[in-house]
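# Structural features, examined
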Amino acid sequence: MDAKKMKPESIAAQALGWVDEATKAIAPPIHTATTYLRDVDNQYRSGRIYARDQNPTFDQAEAVLTALEGGHQTLLFASGMAAATAVFQALAPGDHVLAPKVMYWSLRNWLKNFATQWGLQIEFIDMDSPAAVKAAIQPGKTKMLWIETPANPLWTITDIAATCEIAHQAGALVAVDSTVGTPVLTQPLKLGADIVMHAATKYLNGHSDVIAGTLTARADSPYWQRIRSIRAQIGGVLGPFEAWLLTRGMRTLYPRVRTACVSAQRIAEYFENHPLVGEVMYPGLKSFAGHAVAAKQMQGGFGGMMSIRVKVGEAAAIATAANVQLWKRATSLGGVESLIEHRASVEGAGTPAPTDLLRLSVGIEDAGDLIADLESALKRAQL
Ligand SMILES: Cc1ncc(COP(=O)(O)O)c(C=O)c1O
């Protein structure tokens, strides 16, 4: 069947229906070769010369994600950070960049500590406020807006379409970290974004056993070609086994994300008015500030990520994370197993996370088991 006619669930489940012509295998091989034979007449008609950025094991994961995001092309990187930093490395010294105050902390630190040293002018703003974006953007000078939505660790929602409109009028590009949204729920390129980035370490792979990153472009451009060159020349590429695992992980992306969404909604509603919980931050709750925008740009659910604020304070929050038995007390997100962490302890100085906040990554276990385990941990933390 023509991939263009397939629903995304079918594209993902069958990894585009690919079959190995030579063996008829329905799972792709892992290519370990680092180099490729030159033709007798000195040409390279296979199209491959050297595997740093030409490993055939990348092809399938890249093609599947391009189809799911509705983009022009995808590149795999060695990590989410390698993918995200390539977006900024492809800019020029002096370029002005708008980034959100609430965003993945490691990238925020890199922007503050490294990107500025390379001459980029980074301004952190309330990206969820179109008025703040309009006030900060400098037509002709601002070259890039970085959006993360929902954004770590408060799950702040940015209106992708509205922000892209403001950016494009000013001549700036927009890149979206859609790690938490996933292509199951949001397709930023269809809302006007120029680049979509994923920490594929999270939902795309989904099993907490691969570090990987991706960039997908809406269209070809000199800027996208610079990103391609950065990957080829700096060499922040994925190993073939990790690329293969990523393709395998994406086959179950839709059922995993949908299960996590249903469970997260149930958990958020259960704890919303719980006597031991001060606040539940989850885009699926009507009480959440970004709910209306999330409902507009997320289809079929609000994701598996939420945070709760433990009423008694920091010590009770840390004790709750220590007391869980089914949830795993670990950082990261987007795997089949549910994770819990005291986010301020991870991020340290400069974190927007209140000290009583626990970040929850809801996996695909039974939601009732997750609720019972968390409630019991909360109760024991009060003693
Ligand atoms: C939203 C988001 N973006 C980017 C990253 C970076 O990804 P990686 O850890 O694969 O470098 C992470 C990692 O936690 C993340 O949560």
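Preceding this paragraph is the structure being described.
A brief look at the structure comes next. Keep in mind it's a predicted model, so treat the numbers as computed, not measured.

### Side note on the nonpolar core
Counting 68 residues, the largest nonpolar core has Leu246, Val280, Met306, Trp327 and Leu374 as its most contacted members. Ranked by residues supplied to this core, first place goes to helix H10 (residues 253-272) with 8 residues. Residues contacting Leu374, with those up to four places away along its chain left out, are Phe271, Ile308, Thr320, Val324, Trp327, Ile340 and Leu360. Counting residues in hydrophobic clusters, the runner-up holds 30 residues, among them Ala90, Met197, Ala217 and Trp224.

### As for the pairing of strand S6 (residues 195-199)
Taken across its 5 residues, S6 has 5 buried, putting it largely inside the fold. Side chains Ile195, Met197 and Ala199 project from S6 onto one buried face, and the interleaved Val196 and His198 project onto a second face that is buried too. One ladder, built from 3 bridges, connects strand S5 (residues 173-177) with S6; its direction is parallel. Considered in S6, the bridge of Ala175 is made with Ile195.

### Overview of the pattern of salt bridges
The final tally for this structure, using the stated rule, is 16 salt bridges. Lys101 serves as the salt-bridge partner of Asp126, at 3.7 Å between the closest nitrogen and oxygen. Placement of the pair is Asp126 in the loop between strand S3 (121-125) and helix H5 (130-136) and Lys101 in the loop between strand S2 (96-100) and helix H4 (105-115), with a sequence separation of 25 residues. Residue Asp126 is classed as partly exposed on the basis of its relative accessible area of 37%. In this structure, a network of salt bridges that share partners links the residues Arg108, Glu341, Arg343, Glu347 and Arg359.

### Thoughts on the sheet that holds strand S4 (residues 142-148)
Backbone hydrogen bonds are what pair the strands of a sheet, in a parallel or an antiparallel way. Spatial ordering of the open sheet is given by S1-S7-S6-S5-S4-S2-S3, a layout of 7 strands whose pairing is mixed. Of all the strands in the sheet, just strand S1 (73-77) and S3 have a single pairing partner and so form its edges. This sheet shows a mean twist of 20 degrees between the axes of neighbouring strands, independent of strand direction. In terms of strand pairing, S1 meets strand S7 (residues 213-217) through 5 bridges, oriented antiparallel. Within S7, the position partnered with Gln73 by the bridge is Ala217.

### What about the sheet that holds strand S9 (residues 305-310)?
Strand order in the open sheet formed by 5 strands is S8-S9-S12-S11-S10, with mixed pairing between adjacent strands. Only two strands of the sheet have a single partner each, and these edge strands are strand S8 (277-281) and strand S10 (328-329). As paired elements, strand S11 (residues 339-342) and strand S12 (residues 357-361) share 4 bridges and run antiparallel to each other. In the strand pairing of S12, His342 is matched with Leu358. Sheet strands in contact with H10 are S8 and S9, and its direction is about 150 degrees off that of S8.

The rules behind each value
Residues numbered from 1 in each chain as written. Predicted model: local features only at pLDDT ≥ 70, side-chain atom pairs only at ≥ 80, totals over all residues. Heavy atoms only, no water. Core = buried A, V, L, I, M, F, W, Y, C linked by side-chain atoms within 4.5 Å. Buried < 20%, exposed > 50% of the residue type's maximum accessible area, 1.4 Å probe, protein only. Helix = DSSP H or I, 4+ residues; strand = E, 2+ residues; numbered from the N terminus. Contact = heavy atoms within 4.5 Å. Pairing = 2+ DSSP bridges. Salt bridge = Lys/Arg side-chain N within 4 Å of Asp/Glu carboxyl O. Axes fitted to C-alpha atoms, helices over the stretch in contact; angles between N-to-C directions.

Geometric values such as these leave the question of function open.
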